[in-house]
Amino acid sequence: MQSAKLVFFMFLTVSMIGLISEAEAHSLFNSAEEWIGDHRIQIATLPEIPAVDEEIQVLFQIVDADFQELDQFTMGIRIFYDGEQIDAVMPKMYQDGHMEMDYIFEMSGNHIFRVDLYDVADDGQPLTYTFNISSQNTFGFIFIGSITMGGIMTAIIFAYVYLSKRRSKSKQ
């Protein structure tokens, strides 16, 4: 009887996998993408949650409408905090459709990255993409850690209750 239930469960699980038409990987916390016209810019940070006064990497990828990385592009970046521009990266030509830059956030909170993509628009005007990047102080990591531990503890309690019920049924 137990093996019949297992076979039925496996059959049900395998048949439901076919219902999933697409799957996406976990997107990073500070990642985004935006389309303007025929071009898309993706941005992400490493580590996923940047800390104040620690060096991070900001990653960019630029693709066309066919999802092919651009061979070369000119890009500049303006960084805003509380509505004021605090930093900028002068326009520069890059190769191979992606760019990585090191950056250090001096204040915690939401930073606005305005990414200007030059020489790709049909009318010759720059395309400006806007992204929000959050940086945390140490308290942010403690909060995220406590939420994660709460989830893990909940899973352990559910597993314990399930296994206890299963063990008591097998003794009867």
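Placed above this text is the structure.
Owing to the predicted nature of the structure, the values given are computational and were not obtained by experimental measurement.

**Q** A description of the side chain of His39 should follow, citing residues and the corresponding values.
**A** Residue position: His39 is located in strand β2 (residues 39–46). For His39, a relative accessible area of 12% translates into the label buried. Setting aside anything within four residues of it in sequence, one finds His39 in contact with Glu34, Val63, Asp64, Leu70, Leu117, Val120, Leu127 and Tyr129.

**Q** Before we move on, can you summarise the pairing of strand β1 (residues 32–36) with the specific residues and values?
**A** Two strands pair when backbone bridges link them, and β1 and β2 are joined in this way by 5 bridges, in the antiparallel orientation. Its bridge partner being in β2, Ala32 is matched across the sheet by Ile43. Counting the residues that bridge the hairpin from β1 to β2 gives 2 residues, and of these Gly37 lies at a positive phi of roughly 60 degrees.

**Q** A description of the environment of Ile56 should follow, citing residues and the corresponding values.
**A** Along the chain, Ile56 falls in strand β3 (residues 55–63). In this structure Ile56 comes out as buried when scored by relative accessible area, which is 2%. Taking the C-alpha atoms as reference points, Ile56 and Met101, 45 residues apart in sequence, are found 8.3 Å from one another. Not counting the four nearest positions on each side in its chain, Ile56 is found in contact with Thr45, Leu46, Pro47, Pro50, Met101, Asp102, Tyr103 and Phe105.

**Q** Provide a residue-level description of unusual backbone geometry, including the pertinent values.
**A** Of note, the bond from Leu46 into Pro47 is cis; its omega dihedral lies within 30 degrees of zero at 0 degrees. Secondary-structure assignment places Pro47 in the loop between β2 and β3. Of note, the phi angle at Asp53 is positive, near 65 degrees, even though the residue is not glycine. Looking at the element boundaries, Asp53 is found in the loop between β2 and β3. Asp53 gets classed as exposed once you look at its relative accessible area, which sits at 57%. Its identity is not glycine, yet Phe67 carries a phi of approximately 65 degrees, on the positive side. Checked against the element boundaries, Phe67 lands in the loop between β3 and β4 (72–81).

Procedures and definitions
Residues numbered from 1 in each chain as written. Predicted model: local features only at pLDDT ≥ 70, side-chain atom pairs only at ≥ 80, totals over all residues. Heavy atoms only, no water. Helix = DSSP H or I, 4+ residues; strand = E, 2+ residues; numbered from the N terminus. Buried < 20%, exposed > 50% of the residue type's maximum accessible area, 1.4 Å probe, protein only. Contact = heavy atoms within 4.5 Å. Pairing = 2+ DSSP bridges.

By themselves, these figures tell us nothing about what the structure is for.
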